[in-house]
Amino acid sequence: MRNHRKHTVLAAAAIAALSLGLTACGGGDDATGAKDAGSASSAQSTAGTGDNGTAGGGTADQTAAKSGSGSTGGSATGGSTAGSTTGGSTSGSSTGSTGSTGSTGGKSSAAAPACAYGDIKVTAAKADEVPTERITLTATNTSGRSCTLLEYPLIAFGPIQTAKDVPAVAKSKPAAPIVLKPGAPAYANVRIALGGVHEDNKVVNEFNVNLFAAEGPAEGSIVVKAPAGGLAVDEAAAKTGYWTYELRNGADEF
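These notes cover the structure that comes with them. In this text the structure is predicted, and so the values were computed from the model without any measurement.

## Thoughts on the overall build of the protein
Per the secondary structure count, the protein includes two helices and 13 strands. Burial status across the protein gives 25% buried among its 254 residues. Look at the contacts in the protein between residues 6 or more apart in sequence, and 77% of them connect residues 24 or more apart. With the model as given, the accessible surface of the protein reaches about 15900 Å², and the carbon-plus-sulfur share is 57%.

Pasting the structure below:
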């Protein structure tokens, strides 16, 4: 009986010792596991710092920011280029203005100034009729340049201060001003009498012709010699046509 208890006690002690040994082994595994877990956690933390920290992720963000700034600079450069293009367009406008100026110059050169008394020589010829009722005035440009012969001849059969004005016949007015090239003539038909024997005529051996300027009668008179034998002039019947390139049927018949 006593031996049996002894064996039972020994068996229990052996079991207890075995249990302690196993517990000790298990504790070592847990510690190792904790160390391994700690190492893994530390590695993850280090990796996280590398991804999101200043040293790694911050540098990448700055690089991206620099790339963005470079893109913005490119846009600015593009704007400058656009400005240069605008400048080129301005130059084109200036060229256009020069062309317009050239056109204006052409118009100015085309206009001939009014003929002055020193530019024109005037002669008189009797019409082929008896008695003489009309004469033809011929105005020739002797100036060496083109000039415009305006309106009609201002005629004074006698002293300019006292002579009666000779009126113009409206139907003889041409559609456009008469521009005379150097040496070119123009004509005007002038009635001096009605051909009656009882007219109040006076003999004229010379008379004066004035021209028109743009503003009205021009300064200076042209002295015209009458054809041979003089002219029997009735100032009450006298009238003149406008200057024209050639005498016309109808318009210059009065």
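## Here we look at unusual backbone geometry
Glycine aside, residues mostly have negative phi angles, and peptide bonds mostly take the trans form. Note that the residue after Val-130, namely Pro-131, is joined by a cis bond; omega there is -10 degrees. Inspection of the secondary structure assignment puts Pro-131 in the loop between strand S1 (120-126) and strand S2 (134-141). Positive phi values are uncommon outside glycine, yet Glu-151 reaches one of about 55 degrees. Following the sequence through the fold, Glu-151 ends up in the loop between strand S3 (147-149) and strand S4 (154-156). Residue Glu-151 is classed as partly exposed on the basis of its relative accessible area of 34%.

## Notes on the side chain of Thr-148
Looking at the secondary structure, you find Thr-148 in strand S3. Polar side-chain contacts of Thr-148 include one of 3.0 Å to the backbone oxygen of Ala-112. Setting aside chain neighbours within four positions, we find Thr-148 in contact with Ala-112, Pro-113, Ala-114, Cys-115, Pro-177, Ile-178 and Val-179.

Thresholds applied
- Residues numbered from 1 in each chain as written.
- Predicted model: local features only at pLDDT ≥ 70, side-chain atom pairs only at ≥ 80, totals over all residues.
- Heavy atoms only, no water.
- Helix = DSSP H or I, 4+ residues; strand = E, 2+ residues; numbered from the N terminus.
- Buried < 20%, exposed > 50% of the residue type's maximum accessible area, 1.4 Å probe, protein only.
- Contact = heavy atoms within 4.5 Å.
- Areas by Shrake-Rupley, 256 points an atom, 1.4 Å probe, with all protein chains shown as cover.
- Polar contact = N/O pair within 3.5 Å; in protein donor to acceptor, adjacent residues only side chain to side chain.

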